[in-house]
Every structure is written in structure tokens, then in C-alpha cells.
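Residue-level structural notes
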Amino acid sequence: MKDGKFLTLGIESSCDETAVSVVADGRTMLSNTISSQIAIHTLYDGVVPEIASRHHLENINSVIGESLTEAGITLDDLDLIGVTNGPGLIGAVVIGVATAKAIAFAKDIPIVGVNHMHGHVSANYIQYPDLEPPFISLVVSGGHTQIIKVTDYNKCEMIGSTRDDAAGEAFDKVARVIGLGYPGGPKVDRAARGGDPRAVDFKRVWLEKDSYDFSFSGLKTQALNYINQERMQGREISVPDIAASYQAAIMDVIIQKSVRAALEFGGEAPKLVVAGGVAANSALREGLASAASAHGIRLYIPDPVLCTDNGAMIGAAAYYRYRAEGPDDLTLDAYADLEM
Ligand code: KG4
Ligand code: ZN
């Protein structure tokens, strides 16, 4: 506690960012320190789990130190530690959890494990201080694509998810094949700005009429086949056109289904709350903004830095979990798979 504020340290290490933030009263970000490993994993065209774990281990103490300094506090001012305990790369998640437990034990501070996906949704509590449940949430990240009915801070129900690849994964794989490399999402986003989204006729995959599920693996195969065919026939492929067309085929389905869910489940004043790394995508942001305004839906999307992995979202989620359910004990474990 400092200046009457309840202070949470949010720790995130589930993939390729070591990220730590100090959050006041579950809503205000006092610091947001992120040590990204993008430059390292770029060499391998993707995240190498063992290398990620080693870098988390090397960096986590200094990232925590920097984040506390930036917030103008010390460990003694903290009221709570929140840490991602899954889902994620297990060796990476373990580093955050073990570090958080060590500090909690040494300083006698309560600790709460946070589901990474719940963290993504909670980034919106930081971005929008007045946002309250209930709402419909679209979560689009590297490993997950889900539509969730959020009924309270700690209560939610999944109404749709991907049956195969996540949206982020679909971006990353095709980016590799067209030579854009890792991380695929932002590079496809950038390349697409110079391309025509109608240049290649990729089929949208809608599944059953009422389904809120997604499937992107067929689309990925369509893209790979198209690229191979063009190359075999000696034609030069247009990276911007493929990027724009592929991105549009993914986003059309995501936008249509999440808007339909908001209208069906959102009551009289539907709110659509977007989260996850893919929510940084400019076509998704623009498409959702115009669809939401056409249908009278209030749209919430965090700034890109709060869409991709960060500690603030974990701090916010931890605050609300702690208030509802109290702390975890020091047997808190790390999990590669963890249901919301
Ligand atoms: O949420 P996140 O940071 O990490 C996970 O929890 O997975 O999401 C990472 C994913 C990656 O697949 C990355 O390519 C994608 O988000 N991504 C984007 C953009 N920025 C990040 N995808 C599309 N457009 C972007 N601008
Ligand atoms: Zn994430």
C-alpha cells in the first residue's frame, strides 16, 4: 500500500516476453516493463521454448527491479503478486511462477495465479477504467481464438473457439512461407497495407450456421497451395496481395462472428471487448470499429502494447481474483494447459 493505493505486481513470462508491471487498485498502470525476445527468436523463424526459458531466467530479476523503480516503489509497498501460471510454454511459465513464489515467501506478500487468457481480457480494465462486466469478449492470440461470455470479473463461459489453429498461429505460418518471418502477425499486417484484399479469392470458413467456432487450418492450406502453384508455374507472387487477401479471409470471419455474439448475448447495450496479440492488427481494429458502429455495439480494444503480452493485464486480473477468492498458497503450480 502506498498513498492509499492497493499495489499489485503483475508478472508474465508464458511465451517470449518477460513482462512486469505495477498496477494500482486493479486499474491504473504505474509501470509496464517488457523485455522482448523477438530479436533472438527471429534467428530461428519462431519461438524456441528452451531458449525462451533461459532468457526469462536471465532477465526476470532486472525486469522486476526496473518496473518497481519506474513505479517509484519497493517490494515492501506491494499488497499482492499476480503471476501467469498457464497456459503457455511450460519452461517459460515456471520461471515467472518460481520467481513470484520466492518473492511472496521472502516478503510475506499474498500471491495469485492468473490464467493468461483471463489476463488478456483484463487488459481492458486498465485501458478503460469504467469498463465493467457483463460483456462479450473476443480473445485472439498466438495460441487461442475464443469468444467468451464474461458475466462477472471472475466468471465466464466460452461460447466459441478454434477447432484447429489459432488466428495468430495462422498468421505466423503463412508469414514464414511468404518469407516475412517471425513474428508473422505484425509483418503480414504491415505487408497487407500495400496489397489488394480481393486479389486472391481465399474461401472463408464459416462452419455450421449458428456456430461461434472457428477453423483456420483449411485457409492456411489454401494459401500454401496457392503459393506453391504460382511458384511452380513460374509466376512471381505478390506478397502484399497475398498478405491482404489472407488477412481479410481471417478477419471477415472473426468480425462477423464476434459481432453476432455481441448482438445475441449482449443485451440491450451490447459491449464487445477485444483482447490478445492479434487484436493489435490494423485490419481487425478498423473492421470491428465500423461493424460495431453499424450495429450499435460499444467496442473496447486496448492500445497495441496492452494487446500483446504484458504484466499490467496480469496485475489487473490478479486484483479481481484476489478480491473474489483470496490468495493461492505457495503450492501454486505452472501449467502448459489451463482452462479459463
Ligand atoms: O497474445 P500474444 O502476444 O501472445 C500469446 O498469448 O500467444 O499473441 C501473439 C500473436 C502472434 O501470433 C503474433 O503474430 C500476433 O499475436 N500478432 C498479430 C499482430 N501483432 C501480434 N497478428 C496480426 N496482426 C498484428 N498486428
Ligand atoms: Zn498472450
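Shown above is the structure to which this text applies.
Residues numbered from 1 in each chain as written. Chains lettered and ligands numbered in written order. Predicted model: local features only at pLDDT ≥ 70, side-chain atom pairs only at ≥ 80, totals over all residues. Heavy atoms only, no water.

Things to note about the overall build of the protein
Rules: The helix count covers DSSP runs of H or I at least four residues long, the strand count covers runs of E at least two residues long, and both are numbered beginning at the N terminus. It is over C-alpha atoms that the radius of gyration is taken, and the globule rule equals 2.2 Å times the number of residues to the power 0.38. Buried, partly exposed and exposed residues are distinguished by accessible area as a fraction of the type maximum, computed with a 1.4 Å probe on protein chains only: under 20%, between the cut-offs, and over 50%, respectively.
Within the protein, the regular secondary structure consists of eleven helices and ten strands. By the compact-globule yardstick of 20 Å for 340 residues, the protein fits well, its C-alpha radius of gyration being 20 Å. Reported as C-alpha extents along the three principal axes, the dimensions of the protein are approximately 65 × 50 × 30 Å. Each of the 340 residues in the protein was classed as buried or not, and the buried ones make up 54%.

Regarding unusual backbone geometry
Between Gly86 and the following residue, Pro87, the backbone shows a cis peptide bond with an omega angle of -10°. Here Pro87 is to be found in the loop between β4 (80–86) and α3 (90–107). Pro134 follows Pro133 through a cis peptide bond whose omega is 5°. Structurally, the position occupied by Pro134 is in the loop between α4 (116–127) and β6 (135–140). Even without being glycine, Asp3 reaches a positive phi, approximately 50°. Following the sequence through the fold, Asp3 ends up in the segment before β1 (7–12). On the basis of relative accessible area, Asp3 is assigned to the exposed category, the value being 72%.

Overview of the pairing of β4
Convention followed: Only strands that DSSP links by at least two bridges are regarded as paired with each other. A clockwise path from the first strand over the helix to the second, with the strands pointing away from the viewer, defines a right-handed crossover.
Within β4, seven of the seven residues are buried, leaving the element largely enclosed by the surrounding structure. In terms of strand pairing, β1 meets β4 through four bridges, oriented parallel. The residue bridging Leu9 from the neighbouring strand is Ile81, located in β4. The pairing of β4 with strand β5 (residues 111–115) spans five bridges and is parallel. Its bridge partner being in β5, Gly86 is matched across the sheet by Asn115. Between β4 and its parallel partner β5, the chain crosses via α3, and the hand of that crossover is right-handed.

Thoughts on the nonpolar core
Just so we agree on the cut-off: In plain words, nonpolar cores are sets of buried Ala, Val, Leu, Ile, Met, Phe, Trp, Tyr and Cys residues tied together by side-chain atoms within 4.5 Å. Any two residues whose heavy atoms approach within 4.5 Å are treated as being in contact.
Formed by 48 residues in total, the largest nonpolar core has its most connected members in Ile250, Ile254 and Leu288. Secondary-structure elements contributing two or more residues to this core are β6, α5 (167–177), α6 (184–192), α7 (217–232), α8 (239–265), β9 (271–275) and α9 (282–295). When residues of this core are assigned to their parent elements, the largest contribution, 13 residues, is made by α8. Setting aside chain neighbours within four positions, we find Ile250 in contact with Ala167, Ala170, Phe171, Phe216 and Leu219. Residues Leu80, Ala123, Tyr153 and Ala318 belong to the second largest nonpolar core, which totals 27 residues.

Here we look at the coordination of the zinc ion (ligand 2)
Rules: In this analysis a donor is any N, O or S atom within 2.8 Å of a metal ion (3.2 Å for sodium, potassium and calcium), and since water is not included, sites may seem incomplete.
Taken together, His116 (NE2), His120 (NE2) and Asp309 (OD) make up the full set of protein donors to the zinc ion (ligand 2), lying 2.0 Å away. For the zinc ion (ligand 2), all donor residues lie on one chain, and their spacing in sequence is H-x3-H-x188-D. Here His116 is found in helix α4, whereas its partner Asp309 is found in the loop between α10 (304–307) and α11 (311–325), with 193 residues between them in sequence.

Section: the packing of aromatic side chains
Note the threshold: Pairing of aromatic side chains requires ring centres within 6.5 Å, counting the rings of Phe and Tyr and the six-membered ring of Trp. Pairs whose planes differ by under 30 degrees are stacked, by over 60 edge-to-face, and all others tilted. Placement of a charge over a ring requires the Lys NZ or Arg CZ to be within 6 Å of the ring centre, with the centre-to-atom vector within 35 degrees of the ring normal.
By the definition in use, this model includes 13 aromatic pairs. Connected via pairs of aromatic rings, a cluster forms that spans Phe6, Tyr125, Phe135, Tyr153, Tyr319, Tyr320 and Tyr322. The aromatic ring of Phe214 is capped on one face by Lys257, whose charged end is 5.9 Å from the ring centroid.

Let's talk about the sheet that holds strand β2 (residues 17–24)
What counts, and what does not: Only C-alpha atoms enter the line fits that serve as axes; for helices the fit covers just the stretch in contact. Angles between N-to-C directions range over 0 to 180 degrees.
Taken together, the five strands give an open sheet; going across it, the order is β3-β2-β1-β4-β5, and neighbouring strands pair in mixed fashion. Lying at the two open borders of the sheet, with one neighbouring strand each, are β3 (28–36) and β5. Neighbour-to-neighbour, the strand axes of this sheet turn through a mean angle of 20°, independent of strand direction. With six bridges connecting them, β1 and β2 associate as antiparallel partners.

Looking at the site of ligand 1
Quick note on the threshold: Any residue with a heavy atom positioned within 4 Å of a molecule or strand is treated as near that molecule or strand. Counted as a polar contact is a pair of N or O atoms within 3.5 Å, where, for protein atoms, one must be capable of donating a hydrogen and the other of accepting one, and residues adjacent in sequence contribute only when both atoms are in side chains. Computed by Shrake-Rupley with a 1.4 Å probe, the accessible areas treat only the displayed protein chains as cover when residues are assessed. Domain segmentation is taken from an automatic or database assignment of domains.
Ligand 1 sits among 17 residues. The nearest are His120, Gly142, Asp172, Asp189 and Gly277. The backbone of Gly168 places a nitrogen or oxygen atom 3.4 Å from an oxygen atom of ligand 1. Contact distances for ligand 1 include 2.8 Å between an oxygen atom and a side-chain N or O atom of Asp172. Bound to the protein, ligand 1 loses 87% of the 550 Å² it would expose on its own. Those elements that place two or more of their residues in the shell around ligand 1 are α4, α5 and α6. Looking at the shell around ligand 1, the element that brings in the most residues is α6, giving three residues. When residues are assigned to domains, the shell around ligand 1 turns out to be shared by domain 1 (7–126 + 307–325) and domain 2 (133–301), each giving three or more.

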